[in-house]
Amino acid sequence: MNSLVRAGFSFAKNAVVSTSIRSISITRQLNLKELRERTEGSTLVVEGVTVPSPRTNLLVRAEDLAGFEPSEGTAEKPCYMCSLGLDVKHTDVLILSQFVRSDGCMLPRRITGLCKRQQKKIGKLVTMAQKAGLMINLTPANCQKDPKKRRLYKKFNTYFDEKTIFMWRIPKPTDRFKR
Amino acid sequence: MSAVKRVQQWATFARTWHVFDCKWQDPYESAGVIKKYLMGLHKPIYHPMNDCGDVVVCINSREIALRGNDWRQRAYFHHTGYPGGATWTLAWELHSKDPTMIIKKAVYRALKGNLQRRHTMERLLIYPGETIPDDIKQNITNQIRQIRLVPTRLDHIPEEEVQKYPKVMEYPEDYVLK
Ligand SMILES: [Zn+2]
C-alpha cells in the first residue's frame, strides 16, 4: 500500500515537473559524492565531486570473519549489526560516530541499512553519547565544543544505563518459570 | 614478643590510607566500596568493637557522574526546624554550591545509623580537585580501584586512530557526504 502511494505520487510529480526526469543513463550517475563550494571571482561554484568511500577497506562484516555460520532455514536475513552481535555501549564513540553526520545527527534508516530495532538502539546510544558530551566535536557549528560550558545541570558528567533502551523487553526474574 | 611479631602487630592494627579517584564514578555505587574501607570490613580482624577502620581520601569529587536524569530529578531535603523551613535542593544545585557534598551524603547514607557513624565519617576526606595537601598525601599507601571505566571523548582520540578504526557502516552508493 505504501509503495503504491509512493509510486502514484512519483508518477504525478513526474507528470507535472517533467524536467526532473532522468530515465536513461549510460554511465552510473549515482555515486558517493562530496559537495565542494568555491568562489571564482564573483560567482559561487558548487560541484558534486565523486569520491571513493574511505571505509571500504576497513569494513567488518560477519560473513568475512572466521567461524561464521550462516543461519539456516530462515528467509529473513539479519542485518549487519545483528549478525555481528556486538555489545555496543554508549561510550563506544568510535563505533557510534560512524552512524552520524558531521553535525552529530543520526543518519536515517535508508542510509544506515539497519533493521528497525538496531536503528532505534543505535539512535538512542548516539543520543546518550551526545548528552554525556563524548562526541562533542560532532555537534552543530554554534556549539561551544566543551561539555563544561553547558548550562545548569547539563554541565555535570552523566552516564547512562543501556538497559533502559528496551526497558519493556527485559524479562522479569519470574519469567524463567513460564513455558 | 619477638621483633618480627611486634612489627606484624603494628602492621595489623595500623590505619592504612587509601585514595579513591571519583572521576566519572557514580557516588551511590562508590559509597558501598568506600564504606567497606572506612569501617575496615575488608580486614579479617574486623569486629564492630574493634577500631580497625581505614582512612579514605576521595579526589576529583567535582567530576562525579550521575545516571540518566539524576542531576535534575534527585532532590536533597533539609529542614531548619522552624515552620516553613523545609527546602528541597536538586542534585545539580547542591553540586554547584559544594562539589564534595553529594559523595559525603552518599557515604553517610550507606553507613549504618549508629553512634559510630559520625566518627567513621571523620576518616573520610574529600577534595573537589586533584590536589591533596602534602601532609595527607605523604600517608597514602593504597589506591582503591574505580568501579566504572572513565569514558574517552572522541576529540581526545587522535584523528589518525579514528580513521584507522575498523568500520561497521558503509555509505550507500548515492550518498552525498556531509
Ligand atoms: Zn538487525
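Predicted, not measured: the structure shown is a model, and the values here were computed from it.

Peer 1: Can you help me understand the coordination of the zinc ion in this one?
Peer 2: For a metal bound by four donors in a tetrahedral arrangement, the ideal donor-metal-donor angle is 109.5 degrees, while six donors in an octahedral arrangement ideally sit at 90 or 180 degrees. All names here are of chain A. All of the protein donors around the zinc ion are Cys 79 (SG), Cys 82 (SG) and Cys 115 (SG); their distances to the metal are 2.1 to 2.2 Å. Positions of the donor residues of the zinc ion along the chain correspond to the pattern C-x2-C-x32-C. By relative accessible area, Cys 79 is classed as buried at 12%.

Peer 1: How should I be thinking about the pairing of strand S4 (residues 75-79) of chain B in this particular structure?
Peer 2: The two faces of the sheet receive side chains in turn, since in a regular strand these alternate between them. Residues and elements named next belong to chain B. Alignment of S4 against strand S5 (residues 86-90), held across five bridges, turns out to be antiparallel. For His 79, the partnering residue across the bridge sits in S5 and is Ala 86. Where S4 folds back on S5, the antiparallel hairpin that results is connected by six residues, among which Gly 81 adopts a positive phi of roughly 100°.

Peer 1: Would you mind going over a positive patch on the surface with me for this structure?
Peer 2: A cluster of basic side chains, namely Lys131(A), Arg151(A), Lys154(A) and Arg72(B), defines a positive patch on the protein surface. Mapped onto the secondary structure, Lys154(A) falls in the loop between helix H5 (116-131) and strand S3 (157-159). For Lys154(A), a relative accessible area of 43% translates into the label partly exposed.

Peer 1: Looking at this structure, how should I read the interface of chain B and chain A?
Peer 2: Reports often express the size of an interface as the amount of accessible area lost when the parts come together. Across the contact, 38 residues belong to chain B and 49 residues belong to chain A. Of all residues in chain B, the largest losses of buried area upon contact with chain A belong to Lys167(B), Val168(B) and Met169(B), amounting jointly to 18% of the total for that side. On the surface where chain B and chain A come into contact, there are one salt bridge. With a closest N to O distance of 3.7 Å, Glu63(B) and Lys148(A) form a salt bridge. Here chain B is connected to chain A by twelve residue pairs in polar contact (both at pLDDT 80 or more). Put simply, the parts of the chain that give the side of chain B that touches chain A at least two residues each are strand S3 (65-67), helix H3 (70-73), helix H4 (91-97), helix H8 (159-164) and strand S8 (176-177) of chain B. Partitioning the side of chain B that touches chain A into residue classes produces 19 nonpolar, five polar and 14 charged. Sheet topology note: the S3(A)/S3(B) ladder contains three bridges and is parallel.

Peer 1: Would you take a moment to explain the sheet that holds strand S1 (residues 33-40) of chain A for this structure?
Peer 2: Paired through backbone hydrogen bonds, the strands of a sheet run either parallel or antiparallel to each other. The three strands are arranged S2(A)-S1(A)-S8(B) in an open sheet whose pairing can be described as mixed. A single partner strand is all that each edge strand has here, and the edge strands are strand S2 (43-50) of chain A together with S8 of chain B. The pairing of S1(A) with S8(B) spans two bridges and is parallel. The residue bridging Glu34(A) from the neighbouring strand is Leu177(B), located in S8(B).

Cut-offs used in this document
Residues numbered from 1 in each chain as written. Chains lettered and ligands numbered in written order. Predicted model: local features only at pLDDT ≥ 70, side-chain atom pairs only at ≥ 80, totals over all residues. Heavy atoms only, no water. Donors = N, O, S within 2.8 Å, 3.2 Å for Na, K, Ca; no water. Buried < 20%, exposed > 50% of the residue type's maximum accessible area, 1.4 Å probe, protein only. Pairing = 2+ DSSP bridges. Helix = DSSP H or I, 4+ residues; strand = E, 2+ residues; numbered from the N terminus. Patch = residues over 30% accessible without salt bridge, like charges linked within 9 Å, V, L, I, M, F, W, Y side chains within 5 Å. Areas by Shrake-Rupley, 256 points an atom, 1.4 Å probe, with all protein chains shown as cover. Salt bridge = Lys/Arg side-chain N within 4 Å of Asp/Glu carboxyl O. Lys, Arg positive; Asp, Glu negative; His and termini not counted. Charge placed at Lys NZ, Arg CZ, Asp CG, Glu CD. Contact = heavy atoms within 4.5 Å. Buried area = accessible area lost by both parts, 1.4 Å probe. Polar contact = N/O pair within 3.5 Å; in protein donor to acceptor, adjacent residues only side chain to side chain. Nonpolar A, V, L, I, M, F, W, Y, C, P; charged D, E, K, R; others polar.

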